[in-house]
2 protein chains.
Amino acid sequence: MAESPAGPAEGSTGEESSLALEDPQYREAVIDLLAAIAYGEISAFERLAEDAKLAPGLEDKVAIASMAATELGHVTMLRDRLAELGADPYAAMAPFREAIDQFHAHTAPSDWYEGLVKAFVGDGLAADFYREIAAYLDARTRDLIIASLSDAGHSQFVIDRVRSAIEADPRLGGRLALWGRRLMGEALTQAQRVAAEREALSALLAGGIDRPGLDLAAIGRMFSRITERHAARMEELGLAA
Amino acid sequence: MAESPAGPAEGSTGEESSLALEDPQYREAVIDLLAAIAYGEISAFERLAEDAKLAPGLEDKVAIASMAATELGHVTMLRDRLAELGADPYAAMAPFREAIDQFHAHTAPSDWYEGLVKAFVGDGLAADFYREIAAYLDARTRDLIIASLSDAGHSQFVIDRVRSAIEADPRLGGRLALWGRRLMGEALTQAQRVAAEREALSALLAGGIDRPGLDLAAIGRMFSRITERHAARMEELGLAA
(Lines give C-alpha, C1' and ligand atoms only; values in the text may rest on other atoms or scores of the structure.)
Protein backbone atom coordinates (compact mmCIF):
# COMPACT_ATOMS: atom_id res chain seq x y z
CA MET A 1 0.00 0.00 0.00
CA ALA A 2 2.89 2.34 -0.67
CA GLU A 3 1.19 4.14 -3.55
CA SER A 4 -0.90 7.18 -2.84
CA PRO A 5 -2.50 9.34 -5.51
CA ALA A 6 0.01 12.10 -4.91
CA GLY A 7 2.97 9.72 -4.70
CA PRO A 8 5.35 8.93 -7.53
CA ALA A 9 5.39 12.23 -9.39
CA GLU A 10 5.83 14.33 -6.23
CA GLY A 11 8.53 16.88 -6.64
CA SER A 12 8.45 17.06 -10.44
CA THR A 13 9.32 20.50 -11.64
CA GLY A 14 8.14 22.40 -14.68
CA GLU A 15 11.40 21.51 -16.40
CA GLU A 16 10.89 17.79 -15.82
CA SER A 17 7.37 18.25 -17.17
CA SER A 18 8.64 19.60 -20.47
CA LEU A 19 11.23 16.80 -20.64
CA ALA A 20 8.58 14.13 -20.09
CA LEU A 21 6.46 15.66 -22.85
CA GLU A 22 9.34 15.32 -25.33
CA ASP A 23 8.69 11.57 -25.32
CA PRO A 24 6.16 11.25 -28.18
CA GLN A 25 4.39 8.25 -26.63
CA TYR A 26 4.02 10.03 -23.30
CA ARG A 27 2.80 13.17 -25.03
CA GLU A 28 0.26 11.16 -27.02
CA ALA A 29 -0.99 9.57 -23.82
CA VAL A 30 -1.34 12.94 -22.10
CA ILE A 31 -3.28 14.30 -25.07
CA ASP A 32 -5.54 11.24 -24.92
CA LEU A 33 -6.12 11.68 -21.22
CA LEU A 34 -6.90 15.41 -21.35
CA ALA A 35 -9.17 14.86 -24.34
CA ALA A 36 -11.05 12.05 -22.58
CA ILE A 37 -11.59 14.23 -19.51
CA ALA A 38 -12.73 17.15 -21.68
CA TYR A 39 -15.23 15.08 -23.62
CA GLY A 40 -16.43 13.56 -20.35
CA GLU A 41 -17.17 17.05 -19.04
CA ILE A 42 -18.96 18.17 -22.20
CA SER A 43 -21.01 15.03 -22.02
CA ALA A 44 -21.72 15.51 -18.30
CA PHE A 45 -22.94 19.02 -19.10
CA GLU A 46 -25.39 17.63 -21.63
CA ARG A 47 -26.69 14.91 -19.33
CA LEU A 48 -27.06 17.22 -16.32
CA ALA A 49 -28.82 19.86 -18.42
CA GLU A 50 -31.19 17.09 -19.51
CA ASP A 51 -31.68 15.92 -15.91
CA ALA A 52 -32.49 19.50 -14.88
CA LYS A 53 -35.76 19.08 -16.77
CA LEU A 54 -36.79 16.36 -14.31
CA ALA A 55 -36.35 18.69 -11.31
CA PRO A 56 -39.46 18.87 -9.12
CA GLY A 57 -39.00 22.64 -8.57
CA LEU A 58 -37.11 25.70 -9.71
CA GLU A 59 -34.58 25.62 -6.88
CA ASP A 60 -33.65 22.00 -7.64
CA LYS A 61 -33.48 22.82 -11.32
CA VAL A 62 -30.99 25.62 -10.66
CA ALA A 63 -28.90 23.36 -8.40
CA ILE A 64 -28.47 20.68 -11.05
CA ALA A 65 -28.05 23.23 -13.87
CA SER A 66 -25.22 24.78 -11.82
CA MET A 67 -23.49 21.39 -11.72
CA ALA A 68 -23.80 21.27 -15.49
CA ALA A 69 -22.30 24.74 -15.85
CA THR A 70 -19.40 23.81 -13.53
CA GLU A 71 -18.55 20.77 -15.66
CA LEU A 72 -18.53 22.85 -18.81
CA GLY A 73 -16.43 25.55 -17.17
CA HIS A 74 -13.48 23.16 -17.02
CA VAL A 75 -13.48 22.39 -20.71
CA THR A 76 -11.81 25.67 -21.69
CA MET A 77 -8.56 25.05 -19.82
CA LEU A 78 -8.31 21.48 -21.10
CA ARG A 79 -8.97 22.66 -24.64
CA ASP A 80 -6.31 25.38 -24.38
CA ARG A 81 -3.73 22.94 -23.06
CA LEU A 82 -4.53 20.43 -25.81
CA ALA A 83 -3.94 23.15 -28.40
CA GLU A 84 -0.69 24.10 -26.66
CA LEU A 85 0.45 20.48 -26.92
CA GLY A 86 -0.08 20.72 -30.67
CA ALA A 87 -3.31 18.73 -30.81
CA ASP A 88 -6.58 19.71 -32.48
CA PRO A 89 -8.64 19.60 -29.27
CA TYR A 90 -11.90 18.40 -30.80
CA ALA A 91 -10.25 15.83 -33.04
CA ALA A 92 -8.41 14.54 -29.96
CA MET A 93 -11.73 14.05 -28.17
CA ALA A 94 -13.29 12.05 -31.00
CA PRO A 95 -11.90 8.61 -30.01
CA PHE A 96 -13.60 8.88 -26.60
CA ARG A 97 -17.06 9.89 -27.75
CA GLU A 98 -18.26 6.36 -28.38
CA ALA A 99 -17.32 4.98 -24.93
CA ILE A 100 -18.60 8.00 -23.01
CA ASP A 101 -21.79 8.28 -25.07
CA GLN A 102 -22.38 4.56 -24.53
CA PHE A 103 -21.94 5.01 -20.79
CA HIS A 104 -24.64 7.67 -20.81
CA ALA A 105 -26.93 5.75 -23.17
CA HIS A 106 -26.77 2.74 -20.83
CA THR A 107 -27.33 4.81 -17.72
CA ALA A 108 -30.10 7.22 -18.70
CA PRO A 109 -31.83 8.08 -15.41
CA SER A 110 -35.51 7.14 -15.36
CA ASP A 111 -36.35 9.75 -12.75
CA TRP A 112 -35.04 12.74 -10.80
CA TYR A 113 -33.43 10.63 -8.04
CA GLU A 114 -31.57 8.34 -10.42
CA GLY A 115 -30.28 11.52 -12.04
CA LEU A 116 -29.07 12.88 -8.70
CA VAL A 117 -27.33 9.63 -7.76
CA LYS A 118 -25.71 9.45 -11.17
CA ALA A 119 -24.44 13.04 -10.90
CA PHE A 120 -22.94 12.31 -7.49
CA VAL A 121 -21.59 8.81 -8.05
CA GLY A 122 -20.56 9.27 -11.69
CA ASP A 123 -18.71 12.50 -11.10
CA GLY A 124 -17.02 11.02 -8.03
CA LEU A 125 -15.91 7.88 -9.85
CA ALA A 126 -14.48 9.84 -12.78
CA ALA A 127 -12.66 12.21 -10.43
CA ASP A 128 -11.13 9.34 -8.40
CA PHE A 129 -10.02 7.55 -11.52
CA TYR A 130 -8.37 10.55 -13.14
CA ARG A 131 -6.77 11.62 -9.86
CA GLU A 132 -5.17 8.18 -9.52
CA ILE A 133 -3.74 8.39 -13.03
CA ALA A 134 -2.66 12.01 -12.55
CA ALA A 135 -0.36 10.91 -9.72
CA TYR A 136 1.90 9.22 -12.29
CA LEU A 137 2.21 12.22 -14.59
CA ASP A 138 4.39 15.31 -14.87
CA ALA A 139 3.53 18.11 -12.45
CA ARG A 140 1.90 20.46 -14.91
CA THR A 141 -0.40 17.82 -16.37
CA ARG A 142 -1.23 16.58 -12.89
CA ASP A 143 -2.15 20.07 -11.65
CA LEU A 144 -4.30 20.70 -14.70
CA ILE A 145 -6.19 17.43 -14.25
CA ILE A 146 -6.80 18.08 -10.58
CA ALA A 147 -8.03 21.61 -11.32
CA SER A 148 -10.37 20.26 -13.97
CA LEU A 149 -12.03 17.73 -11.67
CA SER A 150 -15.11 19.46 -10.58
CA ASP A 151 -16.60 17.88 -7.51
CA ALA A 152 -19.61 19.27 -9.36
CA GLY A 153 -21.73 16.32 -8.34
CA HIS A 154 -20.30 16.02 -4.87
CA SER A 155 -22.71 18.41 -3.37
CA GLN A 156 -24.49 18.51 -0.07
CA PHE A 157 -27.60 19.30 -2.07
CA VAL A 158 -27.60 15.80 -3.64
CA ILE A 159 -26.98 14.10 -0.28
CA ASP A 160 -29.83 16.01 1.37
CA ARG A 161 -32.32 15.35 -1.42
CA VAL A 162 -31.55 11.65 -1.75
CA ARG A 163 -31.50 10.97 2.00
CA SER A 164 -34.81 12.69 2.64
CA ALA A 165 -36.46 10.95 -0.31
CA ILE A 166 -35.35 7.55 1.03
CA GLU A 167 -36.65 8.47 4.46
CA ALA A 168 -40.03 9.24 2.92
CA ASP A 169 -40.03 6.07 0.80
CA PRO A 170 -37.61 3.37 1.99
CA ARG A 171 -38.21 1.21 -1.12
CA LEU A 172 -36.50 3.94 -3.11
CA GLY A 173 -33.29 3.11 -1.20
CA GLY A 174 -33.26 -0.44 -2.60
CA ARG A 175 -33.81 0.73 -6.15
CA LEU A 176 -31.13 3.44 -5.92
CA ALA A 177 -28.61 1.00 -4.38
CA LEU A 178 -29.01 -1.25 -7.44
CA TRP A 179 -28.71 1.82 -9.64
CA GLY A 180 -25.40 2.76 -8.00
CA ARG A 181 -24.04 -0.72 -8.69
CA ARG A 182 -25.13 -0.49 -12.30
CA LEU A 183 -23.36 2.88 -12.67
CA MET A 184 -20.13 1.37 -11.30
CA GLY A 185 -20.38 -1.66 -13.58
CA GLU A 186 -21.06 0.42 -16.67
CA ALA A 187 -18.19 2.81 -15.85
CA LEU A 188 -15.74 -0.12 -15.53
CA THR A 189 -16.95 -1.64 -18.79
CA GLN A 190 -16.35 1.56 -20.71
CA ALA A 191 -13.02 2.26 -18.97
CA GLN A 192 -11.75 -1.21 -19.97
CA ARG A 193 -12.90 -0.59 -23.51
CA VAL A 194 -10.94 2.66 -23.67
CA ALA A 195 -7.85 1.00 -22.14
CA ALA A 196 -8.02 -1.77 -24.75
CA GLU A 197 -8.38 0.68 -27.65
CA ARG A 198 -5.90 3.36 -26.66
CA GLU A 199 -2.46 1.83 -26.42
CA ALA A 200 -0.62 5.00 -25.44
CA LEU A 201 -3.02 5.53 -22.58
CA SER A 202 -2.59 2.05 -21.14
CA ALA A 203 1.18 2.19 -21.69
CA LEU A 204 1.11 5.31 -19.53
CA LEU A 205 0.02 3.30 -16.51
CA ALA A 206 2.71 0.71 -17.21
CA GLY A 207 5.41 3.39 -16.99
CA GLY A 208 8.54 3.90 -19.09
CA ILE A 209 12.31 3.55 -18.81
CA ASP A 210 12.64 6.70 -16.73
CA ARG A 211 9.10 6.89 -15.42
CA PRO A 212 7.68 4.75 -12.62
CA GLY A 213 4.62 2.76 -13.60
CA LEU A 214 2.18 0.38 -12.03
CA ASP A 215 2.56 -3.38 -11.92
CA LEU A 216 -0.56 -5.54 -11.90
CA ALA A 217 -0.64 -5.66 -8.11
CA ALA A 218 -0.51 -1.86 -7.94
CA ILE A 219 -3.30 -1.56 -10.51
CA GLY A 220 -5.34 -3.95 -8.38
CA ARG A 221 -4.80 -1.77 -5.33
CA MET A 222 -5.74 1.31 -7.33
CA PHE A 223 -9.07 -0.29 -8.21
CA SER A 224 -9.55 -1.26 -4.55
CA ARG A 225 -9.14 2.36 -3.54
CA ILE A 226 -11.60 3.50 -6.22
CA THR A 227 -14.12 0.86 -5.12
CA GLU A 228 -13.75 1.84 -1.48
CA ARG A 229 -14.39 5.46 -2.24
CA HIS A 230 -17.41 4.51 -4.31
CA ALA A 231 -18.78 2.59 -1.32
CA ALA A 232 -18.14 5.59 0.93
CA ARG A 233 -20.08 7.82 -1.45
CA MET A 234 -23.00 5.41 -1.57
CA GLU A 235 -23.01 5.39 2.20
CA GLU A 236 -23.11 9.19 2.29
CA LEU A 237 -26.28 8.95 0.22
CA GLY A 238 -27.70 6.42 2.69
CA LEU A 239 -27.36 3.58 0.17
CA ALA A 240 -25.86 0.09 0.42
CA ALA A 241 -22.92 -0.20 -2.01
CA MET B 1 -33.56 62.66 -27.01
CA ALA B 2 -32.15 63.73 -23.67
CA GLU B 3 -32.44 60.29 -22.05
CA SER B 4 -29.59 57.90 -22.21
CA PRO B 5 -29.59 54.52 -20.46
CA ALA B 6 -27.15 55.79 -17.85
CA GLY B 7 -28.98 59.09 -17.41
CA PRO B 8 -31.44 59.83 -14.64
CA ALA B 9 -30.02 57.73 -11.83
CA GLU B 10 -26.44 58.85 -12.41
CA GLY B 11 -24.77 59.84 -9.18
CA SER B 12 -27.03 57.85 -6.85
CA THR B 13 -25.11 56.68 -3.83
CA GLY B 14 -25.47 53.54 -1.77
CA GLU B 15 -27.32 55.59 0.85
CA GLU B 16 -29.86 56.84 -1.68
CA SER B 17 -30.25 53.21 -2.78
CA SER B 18 -31.29 52.10 0.69
CA LEU B 19 -33.68 55.05 0.96
CA ALA B 20 -35.34 54.22 -2.35
CA LEU B 21 -35.79 50.63 -1.24
CA GLU B 22 -37.69 51.77 1.86
CA ASP B 23 -40.60 52.64 -0.43
CA PRO B 24 -42.57 49.36 -0.44
CA GLN B 25 -43.86 49.81 -3.99
CA TYR B 26 -40.37 50.53 -5.32
CA ARG B 27 -38.99 47.57 -3.44
CA GLU B 28 -41.70 45.32 -4.83
CA ALA B 29 -40.89 46.51 -8.34
CA VAL B 30 -37.17 45.86 -7.87
CA ILE B 31 -37.92 42.36 -6.59
CA ASP B 32 -40.13 41.77 -9.65
CA LEU B 33 -37.45 43.01 -11.98
CA LEU B 34 -34.60 40.97 -10.51
CA ALA B 35 -36.82 37.88 -10.39
CA ALA B 36 -37.86 38.33 -14.03
CA ILE B 37 -34.21 38.63 -15.10
CA ALA B 38 -33.24 35.59 -13.02
CA TYR B 39 -35.98 33.40 -14.44
CA GLY B 40 -35.10 34.66 -17.91
CA GLU B 41 -31.52 33.47 -17.40
CA ILE B 42 -32.57 30.06 -16.04
CA SER B 43 -34.83 29.70 -19.01
CA ALA B 44 -32.12 30.83 -21.43
CA PHE B 45 -29.83 28.19 -19.94
CA GLU B 46 -32.40 25.50 -20.65
CA ARG B 47 -33.05 26.63 -24.21
CA LEU B 48 -29.38 27.02 -25.09
CA ALA B 49 -28.55 23.62 -23.58
CA GLU B 50 -31.31 22.21 -25.78
CA ASP B 51 -29.97 24.08 -28.85
CA ALA B 52 -26.51 22.66 -28.16
CA LYS B 53 -27.90 19.29 -29.26
CA LEU B 54 -28.45 20.72 -32.74
CA ALA B 55 -24.80 21.71 -33.10
CA PRO B 56 -23.17 20.31 -36.24
CA GLY B 57 -19.91 19.61 -34.41
CA LEU B 58 -18.29 19.38 -31.02
CA GLU B 59 -16.67 22.82 -31.18
CA ASP B 60 -20.01 24.48 -31.97
CA LYS B 61 -21.66 22.47 -29.22
CA VAL B 62 -19.14 23.71 -26.67
CA ALA B 63 -19.58 27.31 -27.87
CA ILE B 64 -23.33 27.29 -27.37
CA ALA B 65 -23.11 25.28 -24.14
CA SER B 66 -20.71 27.96 -22.84
CA MET B 67 -23.34 30.61 -23.51
CA ALA B 68 -25.81 28.50 -21.52
CA ALA B 69 -23.35 28.23 -18.63
CA THR B 70 -22.73 32.00 -18.69
CA GLU B 71 -26.46 32.72 -18.42
CA LEU B 72 -26.80 30.39 -15.47
CA GLY B 73 -23.74 31.86 -13.78
CA HIS B 74 -25.62 35.13 -13.24
CA VAL B 75 -28.52 33.55 -11.42
CA THR B 76 -26.62 33.18 -8.15
CA MET B 77 -26.06 36.90 -7.56
CA LEU B 78 -29.65 37.76 -8.46
CA ARG B 79 -30.92 35.02 -6.15
CA ASP B 80 -28.72 36.25 -3.28
CA ARG B 81 -29.90 39.84 -3.70
CA LEU B 82 -33.55 38.76 -3.82
CA ALA B 83 -33.07 36.92 -0.53
CA GLU B 84 -31.34 39.98 0.92
CA LEU B 85 -34.37 42.09 -0.04
CA GLY B 86 -36.51 39.71 1.99
CA ALA B 87 -38.03 37.82 -0.93
CA ASP B 88 -38.20 34.07 -1.46
CA PRO B 89 -36.22 34.11 -4.73
CA TYR B 90 -37.99 31.21 -6.41
CA ALA B 91 -41.47 32.33 -5.35
CA ALA B 92 -40.61 35.79 -6.71
CA MET B 93 -39.74 34.25 -10.08
CA ALA B 94 -43.03 32.35 -10.36
CA PRO B 95 -45.14 35.21 -11.84
CA PHE B 96 -42.75 35.47 -14.80
CA ARG B 97 -42.57 31.81 -15.74
CA GLU B 98 -45.68 31.87 -17.90
CA ALA B 99 -44.62 34.81 -20.09
CA ILE B 100 -41.02 33.66 -20.48
CA ASP B 101 -41.98 30.02 -21.08
CA GLN B 102 -44.53 31.19 -23.66
CA PHE B 103 -41.87 33.25 -25.39
CA HIS B 104 -39.70 30.14 -25.72
CA ALA B 105 -42.61 27.89 -26.68
CA HIS B 106 -43.50 30.28 -29.51
CA THR B 107 -39.91 30.64 -30.69
CA ALA B 108 -38.55 27.09 -30.58
CA PRO B 109 -35.77 27.07 -33.21
CA SER B 110 -36.36 24.55 -35.98
CA ASP B 111 -32.66 24.23 -36.76
CA TRP B 112 -29.15 25.17 -35.61
CA TYR B 113 -29.13 28.57 -37.34
CA GLU B 114 -32.47 29.67 -35.90
CA GLY B 115 -31.04 28.72 -32.52
CA LEU B 116 -27.93 30.82 -33.11
CA VAL B 117 -29.94 33.87 -34.24
CA LYS B 118 -32.27 33.48 -31.26
CA ALA B 119 -29.34 33.30 -28.84
CA PHE B 120 -27.82 36.45 -30.31
CA VAL B 121 -30.95 38.50 -30.93
CA GLY B 122 -32.92 37.34 -27.88
CA ASP B 123 -30.08 37.89 -25.44
CA GLY B 124 -29.35 41.29 -26.98
CA LEU B 125 -32.99 42.40 -26.79
CA ALA B 126 -33.34 41.35 -23.17
CA ALA B 127 -30.08 43.07 -22.24
CA ASP B 128 -31.08 46.34 -23.98
CA PHE B 129 -34.49 46.33 -22.33
CA TYR B 130 -33.19 45.69 -18.81
CA ARG B 131 -30.37 48.19 -19.25
CA GLU B 132 -32.90 50.89 -20.23
CA ILE B 133 -34.98 50.19 -17.13
CA ALA B 134 -31.90 49.94 -14.91
CA ALA B 135 -31.05 53.57 -15.74
CA TYR B 136 -34.06 54.67 -13.67
CA LEU B 137 -33.18 52.67 -10.58
CA ASP B 138 -31.01 53.10 -7.49
CA ALA B 139 -27.28 52.62 -8.04
CA ARG B 140 -26.94 49.25 -6.38
CA THR B 141 -29.83 47.68 -8.27
CA ARG B 142 -28.57 49.22 -11.50
CA ASP B 143 -25.07 47.83 -11.02
CA LEU B 144 -26.41 44.39 -10.20
CA ILE B 145 -28.61 44.34 -13.31
CA ILE B 146 -25.77 45.45 -15.56
CA ALA B 147 -23.46 42.83 -14.07
CA SER B 148 -26.09 40.16 -14.61
CA LEU B 149 -26.55 40.93 -18.30
CA SER B 150 -24.41 38.48 -19.99
CA ASP B 151 -23.67 39.39 -23.56
CA ALA B 152 -23.68 35.63 -23.58
CA GLY B 153 -25.26 35.52 -27.00
CA HIS B 154 -23.41 38.52 -28.36
CA SER B 155 -20.50 36.51 -29.55
CA GLN B 156 -18.30 36.71 -32.58
CA PHE B 157 -18.84 32.98 -32.91
CA VAL B 158 -22.54 33.47 -33.75
CA ILE B 159 -21.80 36.25 -36.24
CA ASP B 160 -19.18 34.15 -38.03
CA ARG B 161 -21.35 31.05 -38.23
CA VAL B 162 -24.48 32.84 -39.44
CA ARG B 163 -22.67 34.99 -41.99
CA SER B 164 -20.81 32.10 -43.55
CA ALA B 165 -23.96 29.96 -43.68
CA ILE B 166 -25.81 32.74 -45.53
CA GLU B 167 -22.91 33.10 -47.92
CA ALA B 168 -23.16 29.40 -48.71
CA ASP B 169 -26.96 29.50 -49.03
CA PRO B 170 -28.42 32.99 -49.62
CA ARG B 171 -32.03 31.75 -49.21
CA LEU B 172 -31.19 31.08 -45.56
CA GLY B 173 -30.75 34.86 -45.14
CA GLY B 174 -34.38 35.48 -46.08
CA ARG B 175 -35.69 32.84 -43.70
CA LEU B 176 -33.51 34.07 -40.81
CA ALA B 177 -34.53 37.70 -41.40
CA LEU B 178 -38.19 36.68 -40.96
CA TRP B 179 -37.18 34.69 -37.91
CA GLY B 180 -35.53 37.76 -36.36
CA ARG B 181 -38.72 39.77 -36.87
CA ARG B 182 -40.76 37.01 -35.26
CA LEU B 183 -38.41 36.98 -32.25
CA MET B 184 -38.83 40.74 -31.83
CA GLY B 185 -42.63 40.53 -32.14
CA GLU B 186 -42.92 37.69 -29.66
CA ALA B 187 -40.62 39.47 -27.18
CA LEU B 188 -42.78 42.62 -27.34
CA THR B 189 -45.99 40.60 -26.91
CA GLN B 190 -44.70 38.94 -23.75
CA ALA B 191 -43.16 42.15 -22.38
CA GLN B 192 -46.54 43.93 -22.77
CA ARG B 193 -48.25 41.04 -21.04
CA VAL B 194 -45.88 41.31 -18.07
CA ALA B 195 -46.30 45.10 -17.92
CA ALA B 196 -50.09 44.68 -17.87
CA GLU B 197 -49.98 42.06 -15.13
CA ARG B 198 -47.35 43.53 -12.82
CA GLU B 199 -48.52 46.91 -11.63
CA ALA B 200 -45.51 47.68 -9.45
CA LEU B 201 -43.21 47.03 -12.37
CA SER B 202 -45.02 49.36 -14.77
CA ALA B 203 -45.40 52.00 -12.03
CA LEU B 204 -41.61 51.88 -11.78
CA LEU B 205 -41.26 53.26 -15.30
CA ALA B 206 -43.83 55.98 -14.55
CA GLY B 207 -41.67 57.24 -11.66
CA GLY B 208 -42.67 58.44 -8.18
CA ILE B 209 -42.91 61.69 -6.18
CA ASP B 210 -39.17 61.84 -5.64
CA ARG B 211 -38.07 59.64 -8.53
CA PRO B 212 -37.93 60.70 -12.18
CA GLY B 213 -40.00 58.55 -14.49
CA LEU B 214 -40.81 58.28 -18.16
CA ASP B 215 -43.70 59.97 -19.90
CA LEU B 216 -45.26 58.34 -22.93
CA ALA B 217 -42.97 60.20 -25.33
CA ALA B 218 -39.92 59.02 -23.40
CA ILE B 219 -41.18 55.43 -23.43
CA GLY B 220 -41.63 55.77 -27.18
CA ARG B 221 -38.04 56.92 -27.56
CA MET B 222 -36.87 54.05 -25.38
CA PHE B 223 -38.55 51.59 -27.73
CA SER B 224 -37.00 53.38 -30.70
CA ARG B 225 -33.57 52.90 -29.20
CA ILE B 226 -34.26 49.21 -28.54
CA THR B 227 -35.55 48.74 -32.09
CA GLU B 228 -32.53 50.49 -33.56
CA ARG B 229 -30.16 48.29 -31.63
CA HIS B 230 -32.09 45.22 -32.74
CA ALA B 231 -31.69 46.37 -36.36
CA ALA B 232 -27.95 46.89 -35.81
CA ARG B 233 -27.64 43.36 -34.44
CA MET B 234 -29.51 41.89 -37.39
CA GLU B 235 -27.15 43.77 -39.68
CA GLU B 236 -24.13 42.35 -37.86
CA LEU B 237 -25.51 38.93 -38.71
CA GLY B 238 -25.90 39.98 -42.33
CA LEU B 239 -29.70 40.01 -42.08
CA ALA B 240 -32.33 42.59 -43.05
CA ALA B 241 -34.15 43.78 -39.92
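Residues numbered from 1 in each chain as written. Chains lettered and ligands numbered in written order. Predicted model: local features only at pLDDT ≥ 70, side-chain atom pairs only at ≥ 80, totals over all residues. Heavy atoms only, no water.

### Some details on the overall build of chain A
Reasoning step 1: The helix and strand inventory of chain A stands at 11 helices and zero strands.
Reasoning step 2: What you see in chain A, going N to C, is helices and strands ordered as α-α-α-α-α-α-α-α-α-α-α.
Reasoning step 3: Relative to its 241 residues, chain A shows a buried fraction of 51%.
Reasoning step 4: Considering only residue pairs separated by 6 or more positions, chain A has 83% of its internal contacts joining residues 24 or more positions apart. (Helix = DSSP H or I, 4+ residues; strand = E, 2+ residues; numbered from the N terminus. Buried < 20%, exposed > 50% of the residue type's maximum accessible area, 1.4 Å probe, protein only. Contact = heavy atoms within 4.5 Å.)

### Examining the packing of aromatic side chains
Reasoning step 1: Following the criterion strictly, the structure yields three aromatic pairs over all chains and no others.
Reasoning step 2: Taking the centre distance of 6.0 Å and the plane angle of 75° together, the rings of F45(A) and F45(B) count as edge-to-face. Taken together, the residues F45(A) in helix α2 (residues 24-52) and F45(B) in helix α2 (residues 24-52) connect one chain to another. Each member of the pair, F45(A) as well as F45(B), is classed as buried.
Reasoning step 3: An angle of 55° between the planes, with centres 5.6 Å apart, marks the rings of F129(A) and Y130(A) as tilted. (Phe/Tyr/Trp six-rings, centres within 6.5 Å; stacked < 30°, edge-to-face > 60°.)

### Side note on the side chain of Q190(A)
Reasoning step 1: Relative to the helices and strands, Q190(A) resides in helix α9 (residues 170-197).
Reasoning step 2: Under the relative-accessibility criterion, Q190(A) is labelled buried at 8%.

### A look at the relation of the copies chain B and chain A
Reasoning step 1: Here chain B sits on chain A after a turn of 180° about the axis and a move of 0.0 Å along it, with an RMSD of 0.0 Å. Here the two chains are linked by the operation of a two-fold rotation axis. Distance from the rotation axis, computed per C-alpha, reaches its smallest value in chain B at A69(B): 2.3 Å.
Reasoning step 2: A symmetric contact is evident, with 100% of the interface residues of chain B recurring at the interface of chain A. (Least-squares fit on C-alpha atoms with pLDDT ≥ 70 in both.)

### Remarks on the confidence of the model for chain A
Residues and elements named next belong to chain A.
Reasoning step 1: The predicted model of chain A averages 87 in pLDDT, with 89% of residues at 70 or higher.
Reasoning step 2: In the model of chain A, helix α1 (residues 14-20) stands out as the element of lowest mean pLDDT, 66, in contrast to helix α4 (residues 75-84), which has the highest, 95.
Reasoning step 3: This stretch, residues 1-12, has a pLDDT under 50; its non-local contacts, to residues over four places away or in other chains, come to 23 contacts. (pLDDT = per-residue confidence, 0-100.)

### Structural notes on the interface of chain B and chain A
Reasoning step 1: Across the contact, 21 residues belong to chain B and 21 residues belong to chain A.
Reasoning step 2: Carbon and sulfur atoms make up 74% of the surface buried where chain B meets chain A, a total of about 1,800 Å² over both sides.
Reasoning step 3: Contact with chain A buries surface across chain B, with L58(B), V62(B) and Y90(B) losing the most and accounting together for 32% of the total.
Reasoning step 4: On the surface where chain B and chain A come into contact, there are four salt bridges.
Reasoning step 5: The tally of links from chain B across to chain A stands at four residue pairs in polar contact (both at pLDDT 80 or more).
Reasoning step 6: Those elements giving two or more residues to the side of chain B that touches chain A turn out to be α2, α3 (58-73), α4 (75-84) and α5 (89-106) of chain B.
Reasoning step 7: Sorting elements by how many residues they give to the side of chain B that touches chain A places α3(B) first, with nine residues. (Buried area = accessible area lost by both parts, 1.4 Å probe. Salt bridge = Lys/Arg side-chain N within 4 Å of Asp/Glu carboxyl O. Polar contact = N/O pair within 3.5 Å; in protein donor to acceptor, adjacent residues only side chain to side chain.)

### Structural notes on the side chain of K118(B)
All names here are of chain B.
Reasoning step 1: The residue K118 is located in helix α6 (residues 112-134) in this model.
Reasoning step 2: Buried charge without a partner: K118 forms no salt bridge, and the closest opposite charge is D51, 6.2 Å away.
Reasoning step 3: A distance of 2.9 Å separates polar atoms of two side chains, one belonging to K118 and the other to H104.
Reasoning step 4: With sequence-adjacent residues up to four places away left out, K118 is seen in contact with F103, H104, T107, P109, D123, W179 and L183. (Lys, Arg positive; Asp, Glu negative; His and termini not counted.)

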